[in-house]
Amino acid sequence: MANSPIEPEFFDSFDGARIAWRELGEGRVVVLLHGFFSDAQTNWIRYGHAAAIAARGFRVIMPDLRAHGSSAKPHDAGSYPPDVLAKDGFALIEHLGLSDYDLGGYSLGARTVVRMMVQGATPRRIIVSGMGLQGLMHTAGRGGHFRNILTNLGTFERGTAEWLAEAFLKTSKGDPEALLRILDTFVDTPVEAIRAIVQPALILSGEEDDDNGSAEQLADTLPDALYRTVPGGHMSAVVKPELGQAIADFLAA
């Protein structure tokens, strides 16, 4: 079955932290980064997105971000310098010897893509999904939302956004202490740096998703961006087949 679990492979990142990745398919490489509280299996594999992209002739490489999934979840502050996820991303690209590749992400993964771009990553194309302009420029907004969740677990009213996020944290077996450290690594990206990203970009968002500000505004800010929407909000768009299909269509075009 195309969306059944894939066994991870591992490498040691820049500081020795053990980072897991999974891959599917063969052909041109696309590296996909998952969202906060999630992992490669949940974000990209379970709902068939990786399979849809692989079917179009791509080798889909999906790391588990530090503090997530099968990757290391250290608790010490020293393991979480600013932009650590971007540093891990560069380490993965170096480990795999990638020179010609595409790079995409969802939510936290999308923010990490942008942080890699402003630090000199050179993919041919990028996918920024589940992310708006505000979420890149002002990370404290969403950071504060998640800090509140992680420091007040078990106190939220059923059905609220916080309660739903905590429920997802439980299903993904997240480590609250390690995930809290990730929030300390967020770095704001100024609008000038976003405007300087010249690669063709797919800006992809759930129709009802404004969790990270306006994705359309982000598309308008980038020099070469295609704006697309899929059904759902921030949490629900990920389970819809349209998400993987839109990425596959963009990459195969």
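Scroll up to find the structure this text is about.
Residues numbered from 1 in each chain as written. Predicted model: local features only at pLDDT ≥ 70, side-chain atom pairs only at ≥ 80, totals over all residues. Heavy atoms only, no water.

Enquirer: Could you give an account of the side chain of Arg 142, naming the residues involved and the relevant values?
Expert: Positionally, Arg 142 belongs in helix 6 (residues 140-151). In terms of polar contacts, Arg 142 uses its side chain to reach the side chain of Asp 211, at 3.2 Å. Not counting chain neighbours up to four residues away, the residues in contact with Arg 142 comprise Arg 111, Asp 211, Asn 212 and His 234. (Helix = DSSP H or I, 4+ residues; strand = E, 2+ residues; numbered from the N terminus. Polar contact = N/O pair within 3.5 Å; in protein donor to acceptor, adjacent residues only side chain to side chain. Contact = heavy atoms within 4.5 Å.)

Enquirer: Account for unusual backbone geometry, naming residues and giving values.
Expert: Even without being a glycine, Phe 37 presents a positive backbone phi close to 75°. Take Phe 37: it is sitting in the loop between strand 3 (28-33) and helix 1 (40-45).

Enquirer: How would you explain the nonpolar core if you had to name every residue and give the values?
Expert: Formed by 56 residues in total, the largest nonpolar core has its most connected members in Phe 36 and Phe 37. Top element by residues in this core is helix 3 (residues 84-96). It accounts for seven residues. Aside from chain neighbours lying at most four places away, what touches Phe 37 is His 68, Phe 146, Ile 149, Leu 150, Ala 165, Phe 168, Leu 169, Ser 172 and Leu 179. In this structure, Ile 6, Leu 32, Ala 40 and Met 62 belong to the second largest nonpolar core, which totals 25 residues. (Core = buried A, V, L, I, M, F, W, Y, C linked by side-chain atoms within 4.5 Å. Buried < 20%, exposed > 50% of the residue type's maximum accessible area, 1.4 Å probe, protein only.)

Enquirer: So what's going on with the sheet that holds strand 1 (residues 9-12)? Residues and values would help.
Expert: Strand order in the open sheet made by the eight strands is 1-2-4-3-5-6-7-8, with mixed pairing throughout. The outermost strands of the open sheet, each flanked by one partner alone, are strand 1 and strand 8 (225-230). Looking at each pair of strands side by side, their axes are set apart by 20° on average, direction ignored. As paired elements, strand 7 (residues 201-206) and strand 8 share six bridges and run parallel to each other. From the neighbouring strand, Gly 206 faces strand 8, where its bridge partner is Val 230. (Pairing = 2+ DSSP bridges. Axes fitted to C-alpha atoms, helices over the stretch in contact; angles between N-to-C directions.)

Enquirer: Explain the side chain of Asp 39 to me, using residue names and the numbers behind them.
Expert: Structurally, Asp 39 is set in the loop between strand 3 and helix 1. Of the buried charged residues, Asp 39 lacks a salt bridge, with Arg 46 as the closest side chain of opposite charge at 5.9 Å. One polar contact links the side chain of Asp 39 to the main-chain amide nitrogen of Gln 41, over a distance of 3.3 Å. Of the polar contacts made by the side chain of Asp 39, one reaches the backbone nitrogen of Thr 42; its length is 2.7 Å. With residues up to four places along the chain from it excluded, the contact list for Asp 39 reads His 34, Asp 64 and Gly 69. (Lys, Arg positive; Asp, Glu negative; His and termini not counted. Salt bridge = Lys/Arg side-chain N within 4 Å of Asp/Glu carboxyl O.)

Enquirer: Run through the environment of Arg 158, naming residues and quoting values.
Expert: For Arg 158, the position within the fold is in the loop between helix 6 and helix 7 (161-171). Residues Arg 158 and Ser 214 lie 56 residues apart in sequence; the distance between their C-alpha atoms is 27 Å.

Enquirer: Give me the lowdown on helix 4 (residues 108-118), citing residues and values where you can.
Expert: Most of helix 4 sits out of view: 10 of its 11 residues are buried. Where helix 4 ends, the next residue or the one after it, Gly 120, has phi of about 105°, a positive value.

Enquirer: Break down the pattern of salt bridges for me, citing the residues and quoting the values.
Expert: A full pass over the atoms with the stated rule returns 13 salt bridges. Between Arg 28 and Asp 100 there is a salt bridge, with its nearest N and O atoms 2.9 Å apart. Taken together, the positions of Arg 28 in strand 3 and Asp 100 in the loop between helix 3 and strand 5 (101-106) put the pair 72 residues apart, joining distant regions of the chain. The exposure class assigned to Arg 28 is buried, which follows from its relative accessible area of 17%. Looking at Asp 100, the relative accessible area reads 42%, which means it is partly exposed. Between Lys 170 and Glu 166 there is a salt bridge, and its shortest N-O distance comes to 3.7 Å. You can see Lys 170 and its partner Glu 166 sitting in helix 7, four residues apart, about one turn around the helix. Salt bridges linked by common partners bring Arg 28, Asp 100, Asp 102, Arg 124 and Arg 125 together as one network.

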